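These are the residues of each chain, in order.
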There are 2 protein chains.
Amino acid sequence: MTGPEILPLVLTMGDPAGIGPDIALMAYGRRREAPLPPFVFVGRAGVLQERARLLKLDVPVHVVDTPAAGLRAFGDALPVIDTGAALTVRAGAPDPANAPATIEAIERAVAMVRDGQAAAVVTNPIAKHVLHDAGFAHPGHTEFLAALVADGADVPLPVMMLWSPDLAVVPVTIHVALRRVPDLLSTDLIVRTARIVARDLRARFGIASPRLALAGLNPHAGENGAMGVEDDAVVRPAVEMLQAEGIAATGPHPADTLFRAAARGRYDAALCMYHDQALIPIKTIAFDDAVNVTLGLPFIRTSPDHGTAFDIAGTGRARPDSLMAALRLAARMAGSRA
Amino acid sequence: MTGPEILPLVLTMGDPAGIGPDIALMAYGRRREAPLPPFVFVGRAGVLQERARLLKLDVPVHVVDTPAAGLRAFGDALPVIDTGAALTVRAGAPDPANAPATIEAIERAVAMVRDGQAAAVVTNPIAKHVLHDAGFAHPGHTEFLAALVADGADVPLPVMMLWSPDLAVVPVTIHVALRRVPDLLSTDLIVRTARIVARDLRARFGIASPRLALAGLNPHAGENGAMGVEDDAVVRPAVEMLQAEGIAATGPHPADTLFRAAARGRYDAALCMYHDQALIPIKTIAFDDAVNVTLGLPFIRTSPDHGTAFDIAGTGRARPDSLMAALRLAARMAGSRA
């Protein structure tokens, strides 16, 4: 009889000129105090070694062939699956020439999880504009992951959740101009998003009956139509459809009072209608340890809730807290699924 | 030689069916522990006495003719300037028949401050729909106050600031549908609002060089036009005009990271482009002790940052914290002006 199979996490390199290598090294250095689940870096070993020298971090790097070998090595060295030849990288100076290596690390990491070699993918930040300059046509990281697992025309709807111990939020519309939000929002989009959130909170967070609070679009959730019609015409029908399906949805709630401490205990996730409605409260409450989780994919993916921060890459000023929270949450989600 | 003249605050009744009478009585009961500056209730004495009985609060009420007499009485009883005959009020059941008394209390209180009899007006909550049913044509409390001091067609621009010890925010557009915000926002409106904020932070908060942080309208402040043009076309020119006038304005800042603890110390007030962008962070951080301050008027006005809460009026469940903060801030502002 054997115990449950233990699989490591795979952590992608991200943009090698950003803080991804910095925080990977720093997190590894704090693996015992945290404690962190075992993870394997997928990218270029030379980038990590150079960054460790630059940061004067005494972190040994050990190249391995498989996640399983990485798991065995993790106690003594940061294991790396080296995806190719050395890159020329200057910390803080992004270079489209390195875009293929950034993309390949993501593809390899996803393949390892889908093959059953790793428990989850944790991604370091990429910079869309750097990848775009190299011909990357996806709007962002998350959409690229959805495209990687598309089955022909059947592309999953990836749902972004920002998670912290005190608050989880899901923006229903994300990286669009505020002007476009009212027209992009539909009852169907809200319902499809909420179903994915409810399903993944059950399957991957172990919440038997997830409670979803839907924020209103307008001030005071429209105040009975006095300030906008969408809350009654679009959001409320979504709440009713979800309730009819047996999902514990409530709302539309006035957004301004939805995130105070006394209200946060009444739901497991807040569905917000646009980017800042979701990100303002969580970044205000949990700036350093919020985690970005992608729901709706056939594998677990988390990432730190910040960007490449080119301006501080290689300086030692980056903080690994959000990456460490992302690693811990990915392991927790993988355990909950098993 | 006499010391500086001490003037009491005047506190309006608000909607008599709401929690205004409850929190006035509760705040008076806690005047010593708080401590609170002296204030005089302007409205109907009978409403207060009945509410005290309902709440079983042992707060003596003393009718006075002038704020000066109220100041002398304040140590022993809650002083009331009685504005008329007894009303029939049922706590929690608003009645348009009482609208004239609600409005008269506001008019009388403002007149006393403008006459130099009181230091500032603190207003209890009103319910627009109750007043509208009685023919009140103003969009809200604040606009009514501006109209009261209008000089012919010259109506001041009243600016709403939500203030707490940790964060002050000013929504540039307020009670409008989110869909209308991008078109209502103009460089001129932002600049006029910011000038009033800067002037009043100097004159009434004693801040010699107020620092104003302007939030972007779009996610990531538009990310160089990738997500909306308004941040570059409307907000940035406002920042530049303000800087040219010598006002310490910065932005447009991405709104999601503007309210975390580490960022809040960098400005005295954040100018936000719409209601929830301003109210989400302050209600998340300071739900019970945020104060609503109206800038841009020729007198000082604060109010608690909540509504009439008809559902809990007369039950004892209302909390006077925000009113107490409003009273303290009004006194501080009056002292700073003097």
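Calculation notes
- Residues numbered from 1 in each chain as written.
- Chains lettered and ligands numbered in written order.
- Predicted model: local features only at pLDDT ≥ 70, side-chain atom pairs only at ≥ 80, totals over all residues.
- Heavy atoms only, no water.
- Pairing = 2+ DSSP bridges.
- Helix = DSSP H or I, 4+ residues; strand = E, 2+ residues; numbered from the N terminus.
- Disulfide = S-S within 2.5 Å.
- Buried < 20%, exposed > 50% of the residue type's maximum accessible area, 1.4 Å probe, protein only.
- Core = buried A, V, L, I, M, F, W, Y, C linked by side-chain atoms within 4.5 Å.
- Contact = heavy atoms within 4.5 Å.
- Phe/Tyr/Trp six-rings, centres within 6.5 Å; stacked < 30°, edge-to-face > 60°.
- Least-squares fit on C-alpha atoms with pLDDT ≥ 70 in both.
- Axes fitted to C-alpha atoms, helices over the stretch in contact; angles between N-to-C directions.
- Parallel < 35°, antiparallel > 145°, perpendicular 65-115°, else oblique.
- Left-handed = near helix turned anticlockwise from the far one by under 90°.
- Nonpolar A, V, L, I, M, F, W, Y, C, P; charged D, E, K, R; others polar.
- Salt bridge = Lys/Arg side-chain N within 4 Å of Asp/Glu carboxyl O.
- Buried area = accessible area lost by both parts, 1.4 Å probe.

Visitor: Quick question: what am I supposed to make of the sheet that holds strand E6 (residues 159-163) of chain B here?
Guide: Strand pairing within a sheet occurs via backbone hydrogen bonds; the two strands may be parallel or antiparallel. All names here are of chain B. In spatial order, the strands read E3-E4-E2-E1-E5-E12-E11-E6-E7-E10-E8-E9; together these 12 strands make up an open sheet with mixed pairing. One side of each edge strand has no neighbouring strand; the edge strands of this open sheet are strand E3 (61-64) and strand E9 (248-253). As paired elements, strand E8 (residues 211-215) and strand E10 (residues 269-272) share three bridges and run parallel to each other. Opposite Ala213, over in E10, you have Ala270 as the bridge partner.

Visitor: Would you mind going over the state of the cysteines with me for this structure?
Guide: The bond known as a disulfide is covalent and runs between the sulfur atoms of two cysteines. Scanning the entire structure with this criterion turns up zero disulfides over all chains. The thiol sulfur of A:Cys272 is not disulfide-bonded, and the nearest other cysteine sulfur, from B:Cys272, lies at 16 Å. A relative accessible area of 0% means that A:Cys272 is categorised as buried.

Visitor: In this structure, what is going on with the nonpolar core? I would like to understand it.
Guide: The tendency in soluble globular proteins is for nonpolar side chains to be buried side by side. A:Leu212, B:Leu212 and B:Leu214 are the most contacted members of the largest nonpolar core, which totals 212 residues. In this view, B:Leu214 contacts B:Ile190, B:Val235, B:Ala238, B:Val239, B:Leu242, B:Ala249, B:Thr250, B:Gly251, B:Pro252, B:His253 and B:Leu271; residues no more than four positions away in its chain are not counted. Listed in part, the 36 residues of the second largest apolar core include A:Leu167, A:Val169, A:Ile280 and B:Ala215.

Visitor: Would you mind showing me how to read the packing of aromatic side chains here?
Guide: What describes a pair of aromatic rings is the distance from one ring centre to the other and the angle between the planes of the rings. Applying the stated criterion across every chain yields a total of eight aromatic pairs over all chains. Judged by centre distance (5.2 Å) and plane angle (85 degrees), the ring pair of A:Tyr28 and A:Phe74 falls under edge-to-face. Here the residue A:Tyr28 occupies a position in helix H1 (residues 20-29), and A:Phe74 occupies one in the loop between helix H3 (67-73) and strand E4 (78-82), the gap between them amounting to 46 residues. Neither A:Tyr28 nor A:Phe74 differs from the other in exposure class; each is buried. Both rings, one in B:Tyr28 and one in B:Phe39, keep their centres 6.5 Å apart while their planes meet at 80 degrees; by these two values the pair is edge-to-face. Of this pair, B:Tyr28 sits in helix H1 (residues 20-29) while B:Phe39 sits in strand E2 (residues 39-43), and the two are 11 residues apart along the sequence. Given the relative accessible area of 2%, B:Tyr28 is considered buried. For B:Phe39, a relative accessible area of 1% puts it in the buried group. An aromatic cluster is built from A:Tyr28, A:Phe39 and A:Phe74, whose rings are joined through pairwise contacts.

Visitor: I'm lost on the relation of the copies chain A and chain B in this one. Help?
Guide: In this structure, two copies of a chain are linked by a rotation about an axis accompanied by a shift along it. For these two chains of identical sequence, chain A goes onto chain B by a turn of 180 degrees and a shift of 0.0 Å along the axis, with RMSD 0.0 Å. The transformation relating the two chain copies, once decomposed into turn and shift, fits a two-fold axis. Of the interface residues in chain A, 100% have counterparts in chain B that sit at the interface too, so the contact is made through matching surfaces.

Visitor: Even after reading the chapter, I still don't get the packing of helix H8 (residues 187-205) of chain B against helix H9 (residues 230-244) of chain B, so can you show me in this structure?
Guide: Packed helix pairs are specified by the crossing angle of their axes together with the interaxial distance, meaning the distance between the axes. Residue and element names in this part refer to chain B. Interaxial distance between H8 and H9 falls to 8 Å at its minimum, and their mutual angle equals 40 degrees. Taken together, H8 and H9 sit at an angle that is classed as oblique. The chirality of how H8 crosses H9 is right-handed. Across from Thr187, Ile190, Val191, Ala194 and Arg195 in H8, the residues of H9 making contact are Ala233, Val234, Val235, Pro237, Ala238, Met241 and Leu242. Looking at the contact of H8 with H9 residue by residue, the class counts come to 10 nonpolar, one polar and one charged.

Visitor: Can you walk me through the pattern of salt bridges in this structure?
Guide: Close approach of charged atoms lets side chains of opposite charge pair. All told, the structure shown has 30 salt bridges over all chains when counted by the stated rule. Residue B:Asp256 pairs with A:Lys283 through a salt bridge whose shortest N-O separation is 3.9 Å. Highlighted residues: B:Asp256 in the loop between E9 and helix H10 (261-264) and A:Lys283 in helix H11 (residues 275-285), drawn from two different chains. Residue B:Asp256 is classed as buried on the basis of its relative accessible area, which comes to 4%. Residue A:Lys283 is classed as buried on the basis of its relative accessible area of 9%. The partner of B:Asp321 in a salt bridge is B:Arg319, and the shortest N-O contact between them spans 3.1 Å.

Visitor: Even after reading the chapter, I still don't get the packing of H11(A) against helix H11 (residues 275-285) of chain B, so can you show me in this structure?
Guide: Look at H11(A) against H11(B): their axes get within 10 Å of each other, and the N-to-C directions meet at 30 degrees. One element, H11(A), and the other, H11(B), form an angle in the roughly parallel class. Seen along the crossing, H11(A) lies across H11(B) with a hand that is right-handed. Only B:Asp276, B:Gln277, B:Ile280, B:Pro281, B:Thr284 and B:Ile285 of H11(B) make contact with H11(A), whose side of the interface consists of A:Asp276, A:Gln277, A:Ile280, A:Pro281, A:Thr284 and A:Ile285.

Visitor: Before we go on, may I ask you to explain unusual backbone geometry in this structure?
Guide: Most of the time, phi is negative for any residue but glycine, and the peptide bond is trans. In this structure, A:Pro35 follows A:Ala34 across a cis peptide bond, with omega equal to -20 degrees. Within the fold, A:Pro35 resides in the loop between H1 and strand E2 (39-43). In this structure, B:Lys56 is a non-glycine residue whose phi angle is positive, near 55 degrees. Counting through the fold element by element, B:Lys56 comes out in the loop between helix H2 (45-55) and E3. Assessed through its relative accessible area of 76%, B:Lys56 is described here as exposed. For B:Ala221, which is not glycine, the phi torsion reads 50 degrees and is therefore positive. Considering the arrangement of structural elements, one finds B:Ala221 in the loop between E8 and H9.

Visitor: How do you make sense of the sheet that holds strand E9 (residues 248-253) of chain A when you look at a structure like this?
Guide: Residues and elements named next belong to chain A. Spatially, 12 strands are ordered E3-E4-E2-E1-E5-E12-E11-E6-E7-E10-E8-E9 in an open sheet, and the strand pairing comes out mixed. Looking at the sheet topology across the chains shown, the edges are occupied by strand E3 (61-64) and E9. In terms of strand pairing, strand E6 (residues 159-163) meets strand E11 (residues 291-295) through five bridges, oriented antiparallel. Note that in E11 the partner of Met161 across the bridge is Val293. H11 contacts E6, strand E7 (168-171), strand E8 (211-215) and strand E10 (269-272) of the sheet and is inclined by roughly 160 degrees relative to E7.

Visitor: Teacher, can you tell me more about the interface of chain A and chain B here?
Guide: Bring the parts together and some accessible area is lost; that lost area is often taken as the interface size. Counting residues at the interface gives 34 residues for chain A and 34 residues for chain B. Across the interface of chain A and chain B, roughly 3000 Å² is buried in total on both sides, 62% from carbon and sulfur atoms. Between the two partners, chain A and chain B, sit six salt bridges. Where the side of chain A that touches chain B is concerned, the elements lending two or more residues are helix H7 (181-184) and H11 of chain A. It is H11(A) that provides the largest number of residues to the side of chain A that touches chain B, a total of nine residues. Broken down by class, the residue content of the side of chain A that touches chain B amounts to 16 nonpolar, eight polar and 10 charged.

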